[in-house]
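Below are the chains, spelled out letter by letter.
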Number of protein chains: 4
Amino acid sequence: MTDDVTHCASDGSHPSDCDILEGYRSRAREKKRPPAEEERVLLAKAGPIRLLLLDVDGVLTDGRLYYSEEGVESKTFNTKDGLGIRLVQRAEVMTGIITARQSRLVARRAEELEMDVIRQGARNKLEEFKSILGETGFKPYQVCYMGDDLIDLSLLTRVGLAACPADAVEGVKEVCHFISSHPGGGGAVRETCDLIVQAKGLYEKLVQQFL
Amino acid sequence: MTDDVTHCASDGSHPSDCDILEGYRSRAREKKRPPAEEERVLLAKAGPIRLLLLDVDGVLTDGRLYYSEEGVESKTFNTKDGLGIRLVQRAEVMTGIITARQSRLVARRAEELEMDVIRQGARNKLEEFKSILGETGFKPYQVCYMGDDLIDLSLLTRVGLAACPADAVEGVKEVCHFISSHPGGGGAVRETCDLIVQAKGLYEKLVQQFL
Amino acid sequence: MTDDVTHCASDGSHPSDCDILEGYRSRAREKKRPPAEEERVLLAKAGPIRLLLLDVDGVLTDGRLYYSEEGVESKTFNTKDGLGIRLVQRAEVMTGIITARQSRLVARRAEELEMDVIRQGARNKLEEFKSILGETGFKPYQVCYMGDDLIDLSLLTRVGLAACPADAVEGVKEVCHFISSHPGGGGAVRETCDLIVQAKGLYEKLVQQFL
Amino acid sequence: MTDDVTHCASDGSHPSDCDILEGYRSRAREKKRPPAEEERVLLAKAGPIRLLLLDVDGVLTDGRLYYSEEGVESKTFNTKDGLGIRLVQRAEVMTGIITARQSRLVARRAEELEMDVIRQGARNKLEEFKSILGETGFKPYQVCYMGDDLIDLSLLTRVGLAACPADAVEGVKEVCHFISSHPGGGGAVRETCDLIVQAKGLYEKLVQQFL
């Protein structure tokens, strides 16, 4: 039975699974064509990234703050972003969060995803950023930061790759190198992770591991 | 009074209910015209399906992971998907879930819908798939799998009908036979269930039971 | 100070509030022009409605079923729908729900809105409908029912005004007299309430009460 | 290391951060061109605002009322709106809420944002408004109110700047000076805050504080 599955033998009653696998690989190969000028610049910035820092509300979440009558606060994270963080980690990129708010649920999510840097209650994100650079030894051009609001401007204007979700405020979009086509909490982080992995030329290799 | 309702007698003050019922049936009849080539191929793949396997996050849900400050996790399922699963079950199709994550709430939803196969914490979905084929005796061409992310590629490239929600990642859309017009948690599963039931020529019969 | 507010006296430093009020009333008057043929038919059906019956999941909610790891289920209702139900009640229309599922939270919402009919766990909606007609003495043409899925077809094909949300399944849209421009849980019920109140010629009068 | 960050020194391996900062400031300067006639009128109304009053459901939230089976009610607020309220506060504008419903979670959010006026359970919003004017000494033209439904008409037709979210009901949109491009709970409040700050000529100064 398992032969059907792993050896791509056609049983005659339906198209060979190998055809599908080959089609997928061939479409992946076609993507190797030189990217447009704009994409080339973006990939040049994304290639050297060694540390991905993320804002939480509006980036890893959709910005919604759930308040219950009993005093319990909740947030929603996205499963696709979670896999994206796993992908950049496989590409030897450190990951972390910097957020002005403070909550145990954020720590729990960050630990679940085995993130390296967790800075909550960061009133002054720039100070935290300098401290992180000092501890890790990375230079700004090796850091990608994704934020969605004015409080993120100090970091976005200093990192090598400034990214924001599709629904970031205007003032943030203006300074970002990469504006995701997805909103915060809806795949913006994942798209940024994919970009970094692609810039490092590792995307196809990682995809193959899932086939 | 009940005669008004069940015997389609017009009381003179408003159009006969029977007119409406007949209009509905006639519109349903019109749909019997031969489908386009692409739809024909799709229906040919969907017809033999005997087992519908579903990913959870991003397929049966919208991919949101709700984390509360008190440590409680939640997900949202969709009532329309629930009725879809009931429909395929009436069409003698077994149903099940395969998910990498683990939670009691998923087990509860699956049991509520009387699903046959529940595999959680599936780090290697392909191994689970082979085990399910072994237990049920189905061949890959009799299985429909719906997934939304790279981790689902190993199954999507091996089943008879590979389906994904409208908001699946690009790499997944490329290998799927059927891309739902609805997103995960927003009717993608239901549309796939409807497709299978239609391919088996049972949709109209099932709809009549609700009239 | 209160004179500024209630007597429409201009204080010279900004446009008179009375101008705004008059503009609003004049725009409302303009809407008295004869509606298009299609709208006329719809209003003719909506005018005699004395009882508004609603499905819950996918109509009063967006169809999402929230499951928590601790076994607690939740749903979301919409504040605009709540005011809509208050509006039809002021227009002497009875309101109620018929749902196949069973939950205390639905009863709580229905009681909060002082609805007259609460039928949960309704496996056979048609039986419940007949029982409601028997108890209230209304005829089918005096009832509006809003539903979103196949299980609602038996009622939708028998009431005087069949309504559904924008995101109802195709089979339901085909039999409905009124398809809301809003999805379930997103204002579909409110739009139906507004339609009924307008058909009774009471909308403007009710709006005036809020000015 | 911190010199890289704060003194805009280029390390030669990537474009100078100062270039980015200067680009941002120059784009901000370009926006000083005279606004269109309509925008000028709007800014003239927004300039004198000293008090921003907000409805809760459908304005500070998306109108969803979360009901759990255990009897707990929840709402969702938006992190971008939160920063908007901080911005108007820095521009010396008082802030407050007036809502017909009553809940501890709303009080908690309002206190967290250090709002000045909290009026819940306001059956008659006009009475509350008069009372607030009496206590604060502001005149109606100095007040901006944002609401989304008929119950808000009495205030919207009396304040100097009447604002509503993109998804307000039609009757409300008709009387508002400013209709946000964002829905309730999705940035409508933030856009109104930005408008007021811009009208006071303080937006750029506030943005600079974040750089």
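Rules of the game
- Residues numbered from 1 in each chain as written.
- Chains lettered and ligands numbered in written order.
- Predicted model: local features only at pLDDT ≥ 70, side-chain atom pairs only at ≥ 80, totals over all residues.
- Heavy atoms only, no water.
- Helix = DSSP H or I, 4+ residues; strand = E, 2+ residues; numbered from the N terminus.
- Buried < 20%, exposed > 50% of the residue type's maximum accessible area, 1.4 Å probe, protein only.
- Contact = heavy atoms within 4.5 Å.
- Areas by Shrake-Rupley, 256 points an atom, 1.4 Å probe, with all protein chains shown as cover.
- Axes fitted to C-alpha atoms, helices over the stretch in contact; angles between N-to-C directions.
- Parallel < 35°, antiparallel > 145°, perpendicular 65-115°, else oblique.
- Left-handed = near helix turned anticlockwise from the far one by under 90°.
- Nonpolar A, V, L, I, M, F, W, Y, C, P; charged D, E, K, R; others polar.
- Least-squares fit on C-alpha atoms with pLDDT ≥ 70 in both.
- pLDDT = per-residue confidence, 0-100.
- Salt bridge = Lys/Arg side-chain N within 4 Å of Asp/Glu carboxyl O.
- Polar contact = N/O pair within 3.5 Å; in protein donor to acceptor, adjacent residues only side chain to side chain.
- Expected span 1.5 Å × (residues − 1).
- Pairing = 2+ DSSP bridges.
- Core = buried A, V, L, I, M, F, W, Y, C linked by side-chain atoms within 4.5 Å.

Caption draft 1: Quick peek at the overall build of chain A. Assigned secondary structure in chain A consists of 11 helices and eight strands. Burial statistics for chain A: of 211 residues in total, 59% are counted as buried. Counted over contacts in chain A with a minimum sequence separation of 6, partners at least 24 positions apart contribute 54%. About 8300 Å² of surface is accessible on chain A, with carbon and sulfur atoms providing 48% of the total.

Caption draft 2: Representation of the packing of helix H5 (residues 79–90) of chain C against helix H10 (residues 188–199) of chain C within the structure. All names here are of chain C. Look at H5 against H10: their axes get within 8 Å of each other, and the N-to-C directions meet at 20°. The orientation of H5 relative to H10 falls into the category roughly parallel. In this structure, H5 crosses over H10, and the sense of that crossing is left-handed. Residues Lys80, Asp81, Leu83, Gly84, Ile85, Leu87 and Val88 of H5 pack against Ala188, Val189, Arg190, Cys193, Asp194, Ile196 and Val197 of H10. Among the residues forming the contact of H5 with H10, the class breakdown is nine nonpolar, one polar and four charged.

Caption draft 3: Looking closely at the relation of the copies chain C and chain D. Expressed as a screw operation, the relation of chain C to chain D combines 0.0 Å of axial shift with a rotation of 90°, fitting to an RMSD of 0.0 Å. Taken together, the rotation angle and the small translation identify this as a four-fold axis. An overlap of only 8% is found between the interface residues of chain C and their copies at the interface of chain D, pointing to separate contact surfaces.

Caption draft 4: Representation of the confidence of the model for chain A. Residue and element names in this part refer to chain A. In the predicted model, chain A carries a mean pLDDT of 87, and the fraction of residues at 70 or more is 83%. Below a pLDDT of 50 lies the segment residues 1–30, which in the model reaches 48 contacts outside its immediate sequence neighbourhood of four places, other chains included. The complex prediction reports pTM at 0.86, with the ipTM value standing at 0.84.

Caption draft 5: Examining the interface of chain C and chain D more closely. Each partner contributes to the interface: chain C provides 40 residues, whereas chain D provides 38 residues. Between the two partners, chain C and chain D, sit five salt bridges. Across the pair Glu69 of chain D and Arg104 of chain C runs a salt bridge, and its minimum N-O distance is 3.8 Å. Here chain C and chain D share 13 residue pairs in polar contact (both at pLDDT 80 or more) between them. Every element with two or more residues in the side of chain C that touches chain D is listed here: helix H1 (2–6), helix H2 (17–30), strand S2 (64–68), strand S3 (73–78), H5, helix H6 (104–112) and helix H11 (203–208) of chain C. The element contributing the most residues to the side of chain C that touches chain D is S3 of chain C, with six residues. Per-class residue counts for the side of chain C that touches chain D are 16 nonpolar, nine polar and 15 charged.

Caption draft 6: Region of interest: H5 of chain C. Residues and elements named next belong to chain C. For H5, which comprises 12 residues, the first-to-last C-alpha distance of 17 Å matches the rise-based estimate of 16 Å (1.5 Å per residue) to within 8%. Within H5, nine of the 12 residues are buried, which leaves it mostly tucked inside the rest of the structure. Of all the positions in H5, only Thr79, Lys80, Asp81, Gly82, Leu83, Gly84, Ile85, Leu87 and Val88 are classed as buried. Downstream of H5 by one or two residues, Glu92 has phi in the positive range, about 65°.

Caption draft 7: Examining the relation of the copies chain C and chain B more closely. Aligned on chain B, chain C shows an RMSD of 0.0 Å; the corresponding rotation is 90° and the shift along the axis is 0.0 Å. When you check the interface residues of chain C against chain B, a mere 8% turn up at the interface there too, and the two sides of the contact use different surfaces.

Caption draft 8: Quick peek at the side chain of Arg119 of chain C. Residues and elements named next belong to chain C. For Arg119, the location among the structural elements is in strand S5 (residues 117–119). Here the side chain of Arg119 touches Ser131 through a polar contact of 2.7 Å, side chain to side chain. When neighbours within four sequence positions are excluded, Arg119 is seen to be in contact with Ile97, Ile98, Thr99, Glu128, Ser131, Ile132 and Glu135.

Caption draft 9: Broad picture of the sheet that holds strand S1 (residues 51–54) of chain D. Residues and elements named next belong to chain D. Spatial strand order, S5-S4-S1-S6-S7-S8: six strands in an open sheet with parallel pairing. The open sheet has two edge strands, strand S5 (117–119) and strand S8 (178–179), and neither has a second partner. Where strand S4 (residues 94–98) lies against S5, three bridges are found, and the strand directions are parallel. By the bridge assignment, Ile98 is partnered in S5 with Arg119.

Caption draft 10: Inspection of unusual backbone geometry at higher detail. Phi at Glu114 of chain C takes a positive value of approximately 55°, unusual for a residue other than glycine. When you line up the elements, Glu114 of chain C lands in the loop between H6 and S5. Residue Glu114 of chain C is classed as exposed on the basis of its relative accessible area, which comes to 53%. Backbone geometry at Glu92 of chain D places phi at a positive 65°, although glycine is not the residue there. If you trace the backbone, Glu92 of chain D turns up in the loop between helix H5 (79–90) and S4. By relative accessible area, Glu92 of chain D is classed as exposed at 64%.

Caption draft 11: Fine view of the pattern of salt bridges. According to the stated counting rule, one finds 76 salt bridges over all chains in the structure shown. For the salt bridge of Glu73 of chain B with Arg101 of chain B, the shortest nitrogen-to-oxygen distance reads 2.9 Å. Residue Glu73 of chain B is located in strand S3 (residues 73–78), and its partner Arg101 of chain B is located in the loop between strand S4 (94–98) and helix H6 (104–112); the two are separated by 28 residues in the primary sequence. With relative accessibility at 23%, the residue Arg101 of chain B sits in the partly exposed group. In this structure, a network of salt bridges that share partners links the residues Asp62 and Arg64 of chain A, Asp62 and Arg64 of chain B, Asp62 and Arg64 of chain C together with Asp62 and Arg64 of chain D.

Caption draft 12: View of the interface of chain C and chain B. Listed as interface residues are 38 residues of chain C and, on the opposing side, 40 residues of chain B. Here chain C and chain B share five salt bridges between them. We note a salt bridge from Asp148 of chain C to Lys80 of chain B, for which the minimum N-O separation is 3.1 Å. The interface formed by chain C and chain B includes 13 residue pairs in polar contact (both at pLDDT 80 or more). Those elements giving two or more residues to the side of chain C that touches chain B turn out to be helix H4 (56–60), S2, helix H7 (125–136) and helix H8 (153–156) of chain C. Sort the elements by how many residues they give to the side of chain C that touches chain B and S2 of chain C lands first, with five residues. Of the residues assigned to the side of chain C that touches chain B, the class counts are 17 nonpolar, eight polar and 13 charged. In the sheet, S3 of chain B pairs with S2 of chain C via five bridges, with the strands oriented antiparallel. Within S2 of chain C, the residue paired with Asn78 of chain B across the bridge is Arg64 of chain C.

Caption draft 13: Summary view of the nonpolar core. Counting residues in each nonpolar core, the largest one holds 64 residues, and the members touching the most others are Leu54 and Leu161 of chain B together with Leu53 and Leu150 of chain C. The element that contributes the greatest number of residues to this core is helix H10 (residues 188–199) of chain B, accounting for six residues. Not counting the four nearest positions on each side in its chain, Leu53 of chain C is found in contact with Gly96, Ile98, Val117, Phe129, Ile132, Val143, Cys144, Tyr145 and Met146 of chain C.

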